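Close look at the chain arrangement
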Amino acid sequence: MKRLTAILILGTVGQMAAAQTTVEFWHSFGDAKRSGWIQARADEFNKANPGVKVVPSYKGSYNDSLQATILASRQGKPPALVQIFEVGSQLALDSGMFQPVSAVKNVDFSDYIKPVINYYTINGKVNSLPFNSSSPVLYYNKDLMKKAGLDPKTPPTTFSGLQKACAKIEAAKLGATCFGMSLNGWFVEQWMAQQGATLLNNGNGRQGRATATNLDSAAAKKIFDFFKTMNDRKWYTYTGKLEDWDGSDAIFTNQKAVFHITSTADIGNIRDAARKNGFDMGVGVLPIPDGVKRNGVVIGGASLWIPKNISKAQAEAALDFALYMTNTRNMADWHKLTGYYPVRQSSIELLRKQGWFTQSPLQLVAFNQLTKTVPSAATAGGLNGAAIQTRKIVEEGIQKVLNGTPVADAMKDTKARADAALAEYNANFK
């Protein structure tokens, strides 16, 4: 009898183990702070849902993770959930390896912040769930501004305002360059959107596949001209490398530049570095070209995608975990930990009730900039399967201007190269 009971118990345990749904979650956060937070949320979810086991894994950079997912899907072994950066959205769609999260089961997306959910809504379908979201803001050294006779309470909000401040900083001989930022195509995309201008034709690639860039437009010229003026006057500095986020941050935190533009996700880290280096840091809205109405920012960061070739149970469990990880409380905590936007309106309300913005007023500037974004094809962001390549082409175009190439020539070459990259990519879909 005892033996029979033992067999029955073992059989029951075996059935429970077999019934458990495993959700592999591939992400791109290799640091202990962010990967630890994700693991803690998975542990909580697994404890509350014994029939599901979420297994988070770091899979390298955004691009590495996307390519690994596509390869695994072709081999019939995809993860159930994967984090993909925003400019990988068209590539993810074109791979045919993913299903819209809105098709997995009925979800109310109304609480997700409009400019964020709009980016990932394509052809009326929410393809992925927003997770870590950011946009660019202006950082400034209050102490150096005061030394130059500038008021830290009114940081520049336009290109000309920044240039006027630079003239004063130059005259004050502070031993610091006026302005520094990473040379990154993401900022060019932001400045196009702020002017209400699309980066790509066919409604920024949202009304039809993009076949050409708008890098020969008046909006683009204002951006290229800005870099030329700032460089010619020796008001701009960077490390000389493309997309050198950390190096550009270091220029600012070491007080070698008075103004700096980078992601809202860095507010916490840059604030801490500023305190360590003995200066008071401020945050302002992204300065924009003159003579245009401020339209708002394009969301950066990444979202959560669900592959096709998994079971219904896995897809539903993956979505349940994604919704849990991005719920009101968790997104408020994620924001406090990292500086990324919480992606839900209710999270912002919770943070307000907790007095977070009183304790951390720098974050309020970023929130207001995001929530005041005007929904449009421009601010929804460009969909481009060759986005990784074309972004680098834009960076190289700006770098040519910094190295002395006339703006008109640099723009012509940049557009030709970017359009060629688009055509080469699109040839795969004829």
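Residues numbered from 1 in each chain as written. Predicted model: local features only at pLDDT ≥ 70, side-chain atom pairs only at ≥ 80, totals over all residues. Heavy atoms only, no water.

The protein chain is annotated in an unreviewed UniProt entry as ABC transporter substrate-binding protein of Deinococcus antarcticus. Recorded under Subcellular location (unreviewed entry), the UniProt text for the protein chain is reproduced unchanged: "Cell envelope". (UniProt positions renumbered as here; feature names shortened; annotations may be inferred.)

This brings us to the sheet that holds strand β9 (residues 177-181). Paired through backbone hydrogen bonds, the strands of a sheet run either parallel or antiparallel to each other. In space, the five strands of this open sheet follow the order β10-β9-β11-β8-β12, with mixed pairing throughout. Single-partner strands in this sheet number two, and they are β10 (236-237) and β12 (281-284). Note: strand β8 (residues 136-141) against β12, four bridges, orientation antiparallel. Across the sheet, the residue bridging to asparagine 141 is methionine 281, located in β12. (Pairing = 2+ DSSP bridges. Helix = DSSP H or I, 4+ residues; strand = E, 2+ residues; numbered from the N terminus.)

Caution applies to low-pLDDT parts of the model: their predicted coordinates are not meant to be read in detail. When the pLDDT values of the protein chain are averaged, the result is 92; 96% of them are 70 or greater. Counting interchain partners and residues more than four positions distant, the pLDDT-below-50 stretch residues 1-18 has zero contacts. (pLDDT = per-residue confidence, 0-100. Contact = heavy atoms within 4.5 Å.)

Glancing now at the environment of asparagine 277. Mapped onto the elements, asparagine 277 comes out in the loop between α13 (267-276) and β12. For asparagine 277, a relative accessible area of 34% corresponds to the partly exposed category. For asparagine 277 and lysine 336, which are 59 residues apart along the polypeptide, the C-alpha to C-alpha distance reads 22 Å. Other than its neighbours up to four places away in sequence, asparagine 277 contacts Thr253, Asn254 and Gln255. (Buried < 20%, exposed > 50% of the residue type's maximum accessible area, 1.4 Å probe, protein only.)

All right, on to the nonpolar core then. Across soluble globular proteins, nonpolar side chains show a tendency to be buried alongside one another. Membership of the largest hydrophobic core comes to 80 residues, with the highest contact counts inside it found for Leu81, Phe131, Met281, Ile306 and Phe321. With nine residues, the single largest contributor to this core is helix α14 (residues 312-325). For leucine 81, the residues in contact, after removing those within four places along its chain, are Val23, Glu24, Phe25, Trp26, Leu304, Trp305, Ile306, Pro307, Ala318, Phe321 and Ala322. Judged by nonpolar contacts, the second largest core, of 51 residues, contains Leu144, Val188, Leu199 and Leu402. (Core = buried A, V, L, I, M, F, W, Y, C linked by side-chain atoms within 4.5 Å.)

Here we come to the state of the cysteines. Applying the stated rule across the entire model yields one disulfide. The residue that forms a disulfide with cysteine 166 is cysteine 178, at a sulfur-sulfur distance of 2.0 Å. Its S-S torsion of about -75° marks the bond between cysteine 166 and cysteine 178 as left-handed, since a negative value means left-handed. Here cysteine 166, found in helix α8 (residues 159-172), pairs with cysteine 178, found in strand β9; they are 12 residues apart in sequence, far enough to count as distant. Relative accessible area serves as the criterion here: at 0%, cysteine 166 is assigned to the buried category. (Disulfide = S-S within 2.5 Å.)

Turning our eyes to something else, we now look at the pairing of strand β1 (residues 21-27). For β1, the buried fraction is high: five of the seven residues fall into the buried class. One crossover worth recording links β1 to the parallel strand β2 (residues 52-58) by way of helix α2 (residues 32-48), and it is right-handed. In this structure, β1 lies alongside strand β3 (residues 81-85), joined through two bridges in parallel fashion. If you follow phenylalanine 25 over to β3, its bridge partner there is leucine 81. (Right-handed = clockwise from strand over helix to strand, strands pointing away.)

Moving on to the packing of aromatic side chains. On inspection of all chains with the given rule, the structure shows 31 aromatic pairs. Aromatic side chains phenylalanine 357 and phenylalanine 367 sit 4.9 Å apart centroid to centroid with 80° between the ring planes, which places their arrangement in the edge-to-face category. Pair noted here: phenylalanine 357 is in helix α17 (residues 356-359) and phenylalanine 367 is in helix α18 (residues 362-371), with a separation of 10 residues, a long-range link. Judged on exposure class, the residue phenylalanine 357 and its partner phenylalanine 367 are both buried. One aromatic cluster is present, formed by Phe159, Phe179, Trp191, Phe226, Phe227, Tyr236 and Tyr238 through successive ring pairs. The ring of tryptophan 37 is capped by arginine 41, whose NZ or CZ atom sits 4.9 Å from the centre of that ring. The lysine or arginine in question, arginine 206, covers the ring of tyrosine 119, its NZ or CZ lying 5.2 Å from the ring centre. (Phe/Tyr/Trp six-rings, centres within 6.5 Å; stacked < 30°, edge-to-face > 60°. Lys NZ or Arg CZ within 6 Å of the ring centre and 35° of its normal.)

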